[in-house]
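Structural characterization, general
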Amino acid sequence: MESIANTPKPPYYAVIFTADRTNVTDGYDEMARQMVEMVQTQPGFLGLETAESRVGILVSYWDSLESIRQWQQHGRHQEARVRGRTEWYSAYKTRICKVEREYGHHH
C-alpha cells in the first residue's frame, strides 16, 4: 500500500476516522490488519491513508455514499466498531466528506 492514495479525478468521497486509543491492546493490531485487508476488497473502495501520533487518523476514499454504507454494514467491520467503542478508543469521530477538488506534487 502506498503512503498517499492514488485517487481518481474528483468528485469522490472521503471517510476520515480520528481516534484516541485506550491502553487496551488485546486484539487491536490483528483486527486493524484484517480491516485494512478487507476494506481493499470492498466495491467502491478507492484508497487508504493512515497516520498515528497522539491521535490516530485513517482516511479512506470511496466512489459513492452507497459504497461507504455497505462497508459500514459489513459484519466483521461492525464487530471491529463495537470493540473500538468498548475497548480500544477513549474517543473517536468519523467524518464523511465529498472531495470536490484535489491537487498535489509528486516526484
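Note that the structure is predicted; figures quoted are calculated from it, not measured.

For the chain, the count of helices and strands is three helices and four strands. In terms of overall dimensions, the chain has C-alpha extents of about 40 × 30 × 20 Å along its principal axes. Accessible area of the chain: about 7400 Å², with a carbon and sulfur share of 50%. Looking at the chain, you have 13 positive and 14 negative side-chain charges, and the mean spots of the two groups are 7 Å apart.

Attention now moves to the side chain of His77. In this structure, His77 sits in helix 3 (residues 75–88). His77 sits in the buried class, given a relative accessible area of 15%. When neighbours within four sequence positions are excluded, His77 is seen to be in contact with Met35, Trp71 and Gln72.

For the rest of this paragraph, the subject is the environment of Gln73. Within the fold, Gln73 resides in helix 2 (residues 65–73). Judged by relative accessible area, Gln73 falls into the exposed class, the value being 55%. Separated by 51 residues in the primary sequence, Gln73 and Thr22 have C-alpha atoms spaced 25 Å apart.

The rules behind each value
Each chain carries its own residue numbering, running from 1 in the written order of its sequence. Reporting in this predicted model follows two pLDDT cut-offs: at least 70 for local features of residues, and 80 or more for side-chain atom pairs to be given and counted; totals over whole chains, interfaces and linings ignore these cut-offs and use all residues. Computation of side-chain values: all heavy atoms of the structure, hydrogens and water removed. Secondary structure elements follow DSSP: runs of H or I no shorter than four residues count as helices, runs of E no shorter than two count as strands, and numbering proceeds from the N terminus. Reported accessibility uses the Shrake-Rupley method at a 1.4 Å probe radius. Residues are deemed covered only where the shown protein chains occlude them. For the charge count, each Lys or Arg is scored as positive and each Asp or Glu as negative, with His and the chain ends excluded. A charged residue contributes its charge at one atom only: NZ of Lys, CZ of Arg, CG of Asp or CD of Glu. Three exposure classes are used, based on accessible area relative to the maximum for each residue type with a 1.4 Å probe and protein chains only: buried under 20%, partly exposed in between, and exposed over 50%. Residue contacts are defined here by distance: any two heavy atoms, one from each residue, within 4.5 Å place the two residues in contact.

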